[in-house]
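Spelled out, the chains give:
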Amino acid sequence: MELSGVGLWSSQLRYGNPAEAADAAAELDELGFTALWIPDVGGPVLDSVDHLLSATNRTVIATGILNLWMHEPSEVAARYATLTETHGERFLLGIGVSHAPLVDSAEPGRYRKPLAATKAFLDGIDSAPQPVPAANRVLAALGPKMLQLAASRARGAHPYLTTPEHTRSAREVLGDGPLLLPEQTVLLTEDREQARAIGSNWLRSYLALPNYANNLLRSGFTQDDVNSVSDRLLDAIIAWGDEEAVRRRIEEHRAAGADHVCVQVITADPGEFPREQWRRLAAALL
């Protein structure tokens, strides 16, 4: 499974209208995006993977990420084997611990010892009758301990809501060899006020999650940056502007050690399939 170039991270491909998701995925495959990444905040994520694999011919379909609290390792391994047998080696299993507010909302106190929980989940898929190969899985990782686990027990790491500076520090922890596959949020507008309005509204929901807020504090941002969604923080997390601005940010990640960058396009309507923007980026980046 080759993972390089530019991919797309999209909640619409996961939770949008299934027919449009399939049609969009087929077009993105033809446009040349090397991977399509989808989230998992509940529901049958592996059904969505199957749906997107069926709609495409070449591109990798990746979970960014499969929420380990919501799935049994043995069932994931069995389904992985079936999907790979049906569609070939095009499914990259991204695994992560998600966030305490989400996990504990259904069962208070369940989210605990995330590193140990990740190791236990990996033990489960390794001991299944048909294990998920380490070469075909990555871990959501922000801090050093999870990055080290990604290097030793998976093919690499998929950081989310980070900066090129984080990519550089993550590469230092991972060392040479493991893949580093960061997400990069982009907003195709050259209007600062519009970028500020859309971007800050989008960021606030993430900054309420301790994992992300704490990682940004470790990365040198202040509590005031986080609380106010400062311009400094917004500009660091979201690449806004024209296609050239997006290309520059992707190159910064690559220069810092990224092997593949998955771009997430946001707009004023989070439910909208941003197909025009995807086409613009394909023309500029691929």
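Taking an unreviewed UniProt entry as the reference, the protein chain is identified by name as LLM class F420-dependent oxidoreductase belonging to Mycolicibacterium cyprinidarum.

Take unusual backbone geometry next. Looking along the chain, the bond that leaves G64 and enters I65 is cis, with omega of 10°. Along the chain, I65 falls in the loop between β3 (60-63) and β4 (66-67). Although it is not a glycine, L161 sits at a positive phi angle of roughly 60°. Looking at the element boundaries, L161 is found in the loop between β7 (156-157) and α8 (164-174). One non-glycine residue, V229, lies in positive phi territory at about 50°. Relative to the assigned elements, V229 resides in the loop between α11 (223-228) and α12 (231-237).

Below, the discussion takes up the UniProt feature "domain: Luciferase-like" (unreviewed entry) in the protein chain. Residues annotated in UniProt with the feature "domain: Luciferase-like" (unreviewed entry) correspond here to residues 15-123. This span, residues 15-123, is 53% helix and 15% strand, and a straight line between its end C-alpha atoms measures 30 Å.

The next subject is the pattern of salt bridges. As a working rule, side chains carrying opposite charge can pair if their charged atoms are close by. Going through the model one piece at a time under the given rule, you end up with 18 salt bridges. With a shortest N-O distance of 4.0 Å, D50 and R79 are connected by a salt bridge. Separated by 29 residues along the polypeptide, D50 in helix α3 (residues 45-55) and R79 in helix α4 (residues 73-87) bring together distant segments of the chain. The class of D50 is partly exposed, set by a relative accessible area of 25%. With a shortest N-O distance of 2.9 Å, D126 and R153 are connected by a salt bridge. Placement of the pair is D126 in helix α6 (residues 114-126) and R153 in helix α7 (residues 144-153), with a sequence separation of 27 residues. Salt bridges sharing partners connect three or more residues here, namely D23, E27, R275 and R279.

Reading the values: the criteria
Residues numbered from 1 in each chain as written. Predicted model: local features only at pLDDT ≥ 70, side-chain atom pairs only at ≥ 80, totals over all residues. Heavy atoms only, no water. Helix = DSSP H or I, 4+ residues; strand = E, 2+ residues; numbered from the N terminus. UniProt positions renumbered as here; feature names shortened; annotations may be inferred. Salt bridge = Lys/Arg side-chain N within 4 Å of Asp/Glu carboxyl O. Buried < 20%, exposed > 50% of the residue type's maximum accessible area, 1.4 Å probe, protein only.

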